[in-house]
Amino acid sequence: MALLNLEVLTKEAFSPFGNVIEVAGSDWFPINNGSTRRYHKLGLVDICGDDGLPAISMARGVAFDFPLNINMLERHPLGSQSFIPCNGVSFIVVVAPSLPDGMPDERALRAFHAKSNQGVNYFRNCWHHPLISLQREGDFIVVDRVGSGNNCDEVMLSQQYRIEASL
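Where do I start with the overall build of the chain in this structure?
On a plain count of helices and strands, the chain comes out with one helix and 16 strands. Its C-alpha atoms give the chain a radius of gyration of 16 Å, within 12% of the compact-globule value 15 Å for 167 residues. Taken along the three principal axes of its C-alpha coordinates, the chain extends 55 × 40 × 30 Å. Relative to its full complement of 167 residues, the chain shows a buried share of 43%. Long-range pairs, those at least 24 residues apart, make up 82% of the contacts in the chain with a sequence separation of at least 6. Approximately 8900 Å² of the chain is accessible, and the part contributed by carbon and sulfur atoms is 51%. Averaging the locations of the 13 positively and 18 negatively charged side chains of the chain gives two centres separated by 7 Å.

It is not clear to me how the pattern of salt bridges should be interpreted in this structure. Could you clarify?
If charged atoms from side chains of opposite charge come close, those side chains can pair. Per the stated rule, a full pass over the model turns up seven salt bridges. The residue Arg-60 makes a salt bridge to Glu-137 at a minimum N-O spacing of 3.6 Å. Of this pair, Arg-60 sits in strand β6 (residues 53-61) while Glu-137 sits in the loop between β14 (132-134) and β15 (138-146); the two residues are 77 residues apart in sequence, bridging distant segments of the chain. Here Glu-137 falls in the partly exposed class, since its relative accessible area comes to 44%. Put simply, Arg-60 and Asp-139 hold a salt bridge, and the shortest N to O gap is 2.6 Å. Pair noted here: Arg-60 is in strand β6 and Asp-139 is in strand β15, with a separation of 79 residues, a long-range link. Its relative accessible area of 57% is what places Arg-60 among the exposed residues. What makes Asp-139 buried here is its relative accessible area of 17%.

Explain the sheet that holds β6 here, please?
Sheet architecture is open: five strands sit in the order β3-β12-β9-β15-β6, paired in antiparallel fashion. Strand pairing shows two members of the sheet lacking a second neighbour, β3 (18-21) and β6, which therefore form its edges. The sheet shows a mean angle of 15 degrees between the axes of neighbouring strands, direction not considered. Of the strand pairs in this sheet, β3 and strand β12 (residues 119-122) are connected by four bridges, and their pairing is antiparallel. Bridge pairing in β12 places Gly-18 opposite Tyr-122.

When you look at the nonpolar core in this model, what are you seeing that I'm missing?
Of all hydrophobic cores here, the largest spans 18 residues; its most connected members are Leu-73, Ile-92, Val-94, Leu-109 and Ile-163. In terms of residue count, strand β16 (residues 153-163) provides more of this core than any other element does, four residues in total. Setting aside residues up to four positions removed in sequence, Ile-163 forms contacts with Leu-4, Leu-6, Phe-66, Pro-67, Leu-68, Ile-70, Ile-92, Val-94 and Ala-111. One finds Val-93, Ala-114, Tyr-122 and Val-142 within the second-largest nonpolar core, a separate group that totals 17 residues.

What should I look at first to understand the side chain of Glu-74 in this one?
Looking at the element boundaries, Glu-74 is found in strand β8 (residues 68-75). Although Glu-74 is buried, it makes no salt bridge; Arg-75 carries the closest opposite charge, 11 Å away. Among the polar contacts made by the side chain of Glu-74, one reaches the side chain of His-76 at a distance of 3.3 Å. When neighbours within four sequence positions are excluded, Glu-74 is seen to be in contact with Gln-81, Cys-126, Trp-127, His-128, Pro-130, Cys-152, Asp-153 and Glu-154.

Definitions and cut-offs
- Residues numbered from 1 in each chain as written.
- Predicted model: local features only at pLDDT ≥ 70, side-chain atom pairs only at ≥ 80, totals over all residues.
- Heavy atoms only, no water.
- Helix = DSSP H or I, 4+ residues; strand = E, 2+ residues; numbered from the N terminus.
- Rg over C-alpha atoms; globule rule 2.2 N^0.38 Å.
- Buried < 20%, exposed > 50% of the residue type's maximum accessible area, 1.4 Å probe, protein only.
- Contact = heavy atoms within 4.5 Å.
- Areas by Shrake-Rupley, 256 points an atom, 1.4 Å probe, with all protein chains shown as cover.
- Lys, Arg positive; Asp, Glu negative; His and termini not counted.
- Charge placed at Lys NZ, Arg CZ, Asp CG, Glu CD.
- Salt bridge = Lys/Arg side-chain N within 4 Å of Asp/Glu carboxyl O.
- Pairing = 2+ DSSP bridges.
- Axes fitted to C-alpha atoms, helices over the stretch in contact; angles between N-to-C directions.
- Core = buried A, V, L, I, M, F, W, Y, C linked by side-chain atoms within 4.5 Å.
- Polar contact = N/O pair within 3.5 Å; in protein donor to acceptor, adjacent residues only side chain to side chain.

By themselves, these figures tell us nothing about what the structure is for.
Written out as structure tokens, the structure is:
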């Protein structure tokens with residue numbers, strides 16, 4: 001079993017895989033007669049396919065704790081996918097770039113700790129692990145594509161990876 005080091009989730013570190021959705025360090029402008037700050041376009045919804053539509057859903061993730069074992073990844077070829085926590089839960093984000101044949105590059109597998117005030121927007125075709133809420137059940141707003149067509153590819157990894165501790 002290979003050890004997977006946990007990294008701090010930052011916009012720069014996550015940029016090959018998608019967007020970090022957070023207020024900290026983001027540009028804003030005033031709206032509503034100055035009573036509200038709008039942090040604009042923190043991630044873009046990317047959809048394709050003839051009948052694909054962007055949708056807003058909710059997901060409730062079961063609680064996980066360390067150590068975490070990672071043995072599969074998924075990707076969405078027809079649209080981006082965002083997870084934004086609603087109830088103050090942090091979560092783990094595991095991602096990998098694609099090899100030339102489209103499969104995940106396990107040598108470049110990365111794990112990030114997303115704080116409770118951060119969301120993520122995975123780019124279309126980004127290999128990632130399903131939702132991992134930390135230490136308690138998590139409620140998340142999900143923004144992704146709905147419509148016909150296969151929009152979820154899953155692959156088992158060649159070995160199991162372990163994340164042993166939080167930051």
